[in-house]
Every structure is written in structure tokens, then in C-alpha cells.
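Residue-level structural notes
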Amino acid sequence: MRALTLDPRTADSLQVTEVPEPAPRPGELLVEGLAVGVCGTDKEIARAEYGWAPPGRDRLVLGHESLGRVTTAPPGSGFAAGDLVVGIVRRPDPVPCGACAHGEFDNCRNGDYTERGIKELDGYASERWCVEADYAVVLDPGLSRVGVLVEPTSVVAKAWEQVRRVGERAWYEPRRALVTGAGPIGLLAAMIGVQQGLDVHVLDRVEDGPKPLLARQLGATYHHGDVDEVASGLRPDVVIEATGVGSVVLSAVRNTAAFGVVCLTGISSGGHTVDVDVATTNRAMVLENDVVVGSVNANPRHYRQAADALAKADPAWLEGLISRRVPLERFAEAFTARPDDVKVVITL
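First, a word on what this report is: a plain description of the structure on this page. (Residues numbered from 1 in each chain as written. Predicted model: local features only at pLDDT ≥ 70, side-chain atom pairs only at ≥ 80, totals over all residues. Heavy atoms only, no water.)

Looking now at the pairing of strand 3 (residues 28-38). Counting buried positions over the 11 residues of strand 3 gives 9, a clear majority of the element. One ladder, built from 7 bridges, connects strand 3 with strand 5 (residues 65-72); its direction is antiparallel. Bridge pairing in strand 5 links Glu32 to Arg69. (Buried < 20%, exposed > 50% of the residue type's maximum accessible area, 1.4 Å probe, protein only. Helix = DSSP H or I, 4+ residues; strand = E, 2+ residues; numbered from the N terminus. Pairing = 2+ DSSP bridges.)

Structural data, given as C-alpha cells:
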């Protein structure tokens, strides 16, 4: 069968190759692959900046944003042939650390976890794949066109969960949220914020095109002005930061309302220096009980939250988030950015 594979040690080694047919082990589903999403992590792996092949192998099957349909399922697994499913990315470390032992492997303490399509486990960019029943999530049948968005949605579902957990350390009734960055993560974060009944604002650099339109279609307010000006005018109770840009992060931290929670989901590229008045920022955070928290990855609970959030969303809006669908044989097009790209998907 065909799969999209690469040598993570060698840049530009991506190609469609023939790989053995998967054979499900006890407790595993056999799944027909339908689509995989392409994100920044995939592009980093393709540039040999990140990623590890399975032990004893040179090549890794790419793809961690999955969507498939069950072909066979073991009795008593809770799955049946025909179910629409996604596979979870991360697996706990084998020791395990305390977090992994308690099912919170998205917060692994020792870094010995593995990840499908990223770290030592083949991904989902193949015509067929297997997944343990415990690491699969069944989707509403109506998500057959957009279920590939579950993995990125799980990331922001976790971010919102973290915000709630931090806020609920005391009386908490947030009203206004600012999402910085209108890529897939930012827009999906805005979607969940709107579903929670918050007054959601989205900030990005672009002035027109699909991103402003998608934000407004949600019922959110879109901004493209100076981040300090926008944030100081809004004084949001919650910021979901999805750019990783240092100056944007600092503006978000400085300009929340009292008891504000900033959740960082974007990863900075490094190499840029920003002057910071640490004393003033410290004073404001202490006196206002503000919190800044980082959040990455997701566990099965967040995948289920993501599946529920997508099932509630407008299907037409979700379709609009996927700007391009590229067949497997033309995979290279998915790794070439276009000005109007939001989310690019490879169909299998």
C-alpha cells in the first residue's frame, strides 16, 4: 500500500513509497485512511528539524492529524466497521512517569513518550493503518469531510480546559476572550470560545481574505491593528495565544483584565530579542492575580471534547477552514504555502 514517508535526518526526503499492509494486533482497529492534515510540525519534520523514525528504521510514515473509517474492530472494543475515527497522537512513556501513569501523558515529565508520525511511531499518512482501541475516538458521522480537524481542535480544547482549571481557583466568570493568531489553532480556539458564550475577539496581521471572514462568521470580532492597542482596549479576561511571537506574548500578558489567564499554545522560533520591563509586568501580574500557562498536545479526554465541539459547529464553517485538499500523489503541494491558506489536507 502507499504511504507518505521520509527520513527525519534528511531534508526534502518526503516521498510516496510502498509499505507493508498493516496487520492489527489484539485490541487494535484496522482503519481505512481518509485524510491527514498538514501543520507546521510536519513541515519541520520534512526539513529535518525534528522527528525520529521507529527504532531500527530509517524512514517514518508521516501524519499525526488523522481521519479514517474502521474496517475491522475487535469484539467488545466499542467500535464497529464503518465508524468514523481519529487516532490519538501521543503514547505514554514506558516507565511510566507519574503523569503518564495517571493518563495525563500530554504532560509527560521525562520526555520518553512516543508520538504517531513524529517520534518513533509511524503516523497516519497511509492508505490503511492500525490503532489501539484505547487510542481511537469515534466521531459523529456528519464529520466525514472535516473530522481531520479533531487533532488541532484537541490542542485548543486542552487549552480552554487549562484556562478553566486555573480560573476556578477562585470565583470565575470570564466574559471576554482575545485569540492572537488566526491560523487553524487560533480560529478553532475562537470557535470553542464562542460556543462557551464568550465575547470573542481575534487578532491577526492580515486585513482581508479567509481569516477575517472565518472569524466574523463565527460571531467573533476581527482585529488587525497594533496588538498593544487592541489588547489594552479590550482588557480580555482570557487570552489564547497562538502565534508564538514574543512581542505578541508580552502584550497579551500586560493587557489582561484583573485575574486574567493567558494560555500560550504557539511555539516561538527563537532568535528574536524583545526588551521587557520585567518589574512593571511582575507588579501587574502579582497585584491582579494574573496567570500565564503553557499548553501543548492532548490526551483522549481532549480528543473527545474536540469531537463534541466540532459536532456542534456549523459544517459549512468547518469546510471553509480547509482551504485545500491535495491527493496523496501530489503531496508536495500541501507543503508549499499559498497566501490564502488556512488548513491544507492530504486525501488518502
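On we go.
Attention now moves to helix 5 (residues 210-218). Lys211, Pro212, Leu214, Ala215 and Leu218 are the residues of helix 5 that are buried. Down the axis of helix 5, the buried set is contained in an arc of 165°. They therefore lie on one face. Buried residues along helix 5 sit against helix 4 (184-195), strand 13 (199-203), strand 14 (221-223) and helix 10 (315-321). Note on helix 5: the residue one or two positions beyond its end, Gly219, has a positive phi of about 100°. (Arc of directions from axis to C-beta. Contact = heavy atoms within 4.5 Å.)

Here we take up helix 8 (residues 278-287). Note on helix geometry: an α-helix contains 3.6 residues per turn, so any two residues three or four positions apart are oriented the same way. Counting buried residues along helix 8, only 1 of its 10 residues qualify, which leaves the element largely exposed. Asn289 sits one or two positions beyond helix 8 and adopts a positive phi of about 55°.

Moving on: unusual backbone geometry. Here Val95 and Pro96 are connected by a cis peptide whose omega angle stands at -15°. Within the secondary structure, Pro96 sits in the loop between strand 7 (90-91) and helix 2 (98-101). Despite not being glycine, Ala48 has its phi angle at roughly 65°, a positive value. Given the relative accessible area of 28%, Ala48 is considered partly exposed. Positioned with a positive phi, Asn289 is a non-glycine residue whose angle comes to about 55°. As for its placement among the helices and strands, Asn289 is situated in the loop between helix 8 and strand 17 (291-294).

Between two packed helices, both the angle of their axes relative to each other and the distance between the axes serve to describe the pair. It is at 10 Å that the axes of helix 4 and helix 5 come closest, and there the two elements cross at 10°. If you check the angle between helix 4 and helix 5, you find them roughly parallel. Our pair here, helix 4 against helix 5, has a crossing hand that is right-handed. Counting all contacts with helix 4, which are made through Leu187, Ala190, Met191 and Val194, the residues of helix 5 involved are Lys211, Leu214, Ala215 and Leu218. Its residues assigned to classes, the contact of helix 4 with helix 5 shows 7 nonpolar, no polar and 1 charged. (Axes fitted to C-alpha atoms, helices over the stretch in contact; angles between N-to-C directions. Parallel < 35°, antiparallel > 145°, perpendicular 65-115°, else oblique. Left-handed = near helix turned anticlockwise from the far one by under 90°. Nonpolar A, V, L, I, M, F, W, Y, C, P; charged D, E, K, R; others polar.)

The strand order 2-1-4 describes an open sheet built from 3 strands, whose pairing is antiparallel. Of all the strands in the sheet, just strand 2 (15-18) and strand 4 (60-61) have a single pairing partner and so form its edges. Of the strand pairs in this sheet, strand 1 (residues 2-6) and strand 4 are connected by 2 bridges, and their pairing is antiparallel. Paired with Thr5 across the strands is Val61, a residue of strand 4.

Let us look at the packing of helix 6 (residues 227-234) against helix 7 (residues 246-254). It is the contact of helix 6 with helix 7, at a shortest axis distance of 9 Å, that shows an interaxial angle of 20°. Our classification of the angle between helix 6 and helix 7 gives roughly parallel. Viewed along their axes, helix 6 and helix 7 form a crossing whose handedness is right-handed. Mapping the contact onto sequence places Val227, Asp228 and Ala231 in helix 6 and Val248, Ser251 and Arg254 in helix 7. In terms of residue class, the contact of helix 6 with helix 7 is built from 3 nonpolar, 1 polar and 2 charged.

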